[in-house]
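Tertiary structure, described
Below are the chains, spelled out letter by letter.
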Amino acid sequence: MKILDGRATSEKIRKELSEAVQERKKNGKKIPHLAAVLVGNDGGSMTYVGAKVKACDQIGFESTLIRYDESVPEEILLAKIHALNEDKSIDGFIVQLPLPQHIDEMKITQAIDPKKDVDGFHPVNLGNMILNLPGFLPATPAGIVELLKRNNIETEGKNCVIIGRSNIVGTPLSLLLARNSNPGNCTVTLAHSKTKNLKELCLSADILVAALGKPEFVTADMVKEGAVVIDVGTTRVEDATRARGWRLKGDVKFDEVAEKCSYITPVPGGVGPMTIASLMINTLKAMELKGK
Ligand code: GUN
């Protein structure tokens, strides 16, 4: 078994982006500027947004963090999005999800200018993705595809089972892996909570992606010998041995599955850093698309 090291792969991407920034500076061109909107104090969201801002600093991008209280009215958030759409100094921005119950996430997503939607969540970008037209790919699926590509994992003709049909991960990833491209050309099955015979289905997978958000859901008896296993789960579980009182757990029972598969992504250090790297790639692209 080999570890699919998202941290090391993302580090390479960050270095390439950093070199691109240096080149732009040398030529007197604008530096990419990412803004992130964070609502409330959810621990996971704070960690993710913090990591995104840190990645900008490392690469040499400009970044702006905009924070709101949990109780912020939807109109205030919408007004901020309109202002960010108009702000010429901002090349791309994200609104960290999930949002509090009283805010309509779809309304917020649709208010973002597709040209600045570096998360690739806007219907226009998702439509462009389906038709293979230029646009922004959602960061996590794009990060997984990039991880497979940069680690020379063969995908053509492989059976891929994805567990979880979210708009952010499972559904777009199923489309990217089925594309006539490399990576791509997989025969994809998108499994979900109503899927029958999930274990048998998973056992047919050459590439198995767990993106359902249930810690250690995928056990060794569900995995084919030699499969490639991608773990998208990042659930915080209590851990009294850690100073902070918790640790991240993936959707795959790592120790037992690792013994059976050919490649596996760890949690943390697998898909997470690749998601951030993809967001950075999209931010540079947002600026380049404007011809700046
Ligand atoms: N919540 C979980 N993943 C993501 C992501 O990639 N982008 C945003 N904006 N929110 C998320």
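Residues numbered from 1 in each chain as written. Predicted model: local features only at pLDDT ≥ 70, side-chain atom pairs only at ≥ 80, totals over all residues. Heavy atoms only, no water.

**As for the layout of surface pockets**
- Counted as a void, the second largest pocket has a volume near 360 Å³.
- Forming the boundary of the second largest pocket are 14 residues, of which L137, A142, V145, E146 and K149 lie nearest the centre.
- Contributions of two or more residues to the lining of the second largest pocket are made by α6 (139–150) and α10 (271–289).
- Here the residues of the lining of the second largest pocket are counted per class, giving six nonpolar, four polar and four charged. (1 Å grid on protein atoms, 1.4 Å probe; cavity = no way out; pocket = protein on both sides within 12 Å on 5 of 7 lines; lining within 4 Å. Points joined across faces, edges and corners; volume = space filled by probe spheres on them. Helix = DSSP H or I, 4+ residues; strand = E, 2+ residues; numbered from the N terminus. Nonpolar A, V, L, I, M, F, W, Y, C, P; charged D, E, K, R; others polar.)

**As for the site of the ligand**
- If you check the shell around the ligand, you find K52, V95, Q96, L97, D119 and F121 and nothing else.
- Contacts to the ligand include Q96, whose side-chain N or O atom sits 3.4 Å from a nitrogen atom.
- Contact between the ligand and L97: a nitrogen atom at 2.9 Å from a main-chain N or O atom of the residue.
- Summarising the interface, the protein chains cover 83% of the accessible area of the ligand, which totals 270 Å² for the free molecule.
- A breakdown of the residues in the shell around the ligand according to their chemical character gives three nonpolar, one polar and two charged. (Near = heavy atom within 4 Å. Polar contact = N/O pair within 3.5 Å; in protein donor to acceptor, adjacent residues only side chain to side chain. Areas by Shrake-Rupley, 256 points an atom, 1.4 Å probe, with all protein chains shown as cover.)

**A short note on the pattern of salt bridges**
- For the structure on display, the rule yields twelve salt bridges.
- The partner of K15 in a salt bridge is E19, and the shortest N-O contact between them spans 3.3 Å. Of this pair, K15 and E19 both sit in helix α1 (residues 6–26), four residues apart, roughly one helical turn.
- On the accessibility criterion, K15 (54% relative accessible area) is exposed.
- Overall, the relative accessible area of 46% leaves E19 in the partly exposed class.
- A salt bridge links E16 to R150; the shortest N-O distance between them is 2.9 Å. Pair noted here: E16 is in helix α1 and R150 is in helix α6, with a separation of 134 residues, a long-range link.
- In this structure E16 comes out as partly exposed when scored by relative accessible area, which is 39%.
- Here the salt bridges do not stand alone but share partners, grouping E16, E146 and R150 into one network. (Salt bridge = Lys/Arg side-chain N within 4 Å of Asp/Glu carboxyl O. Buried < 20%, exposed > 50% of the residue type's maximum accessible area, 1.4 Å probe, protein only.)

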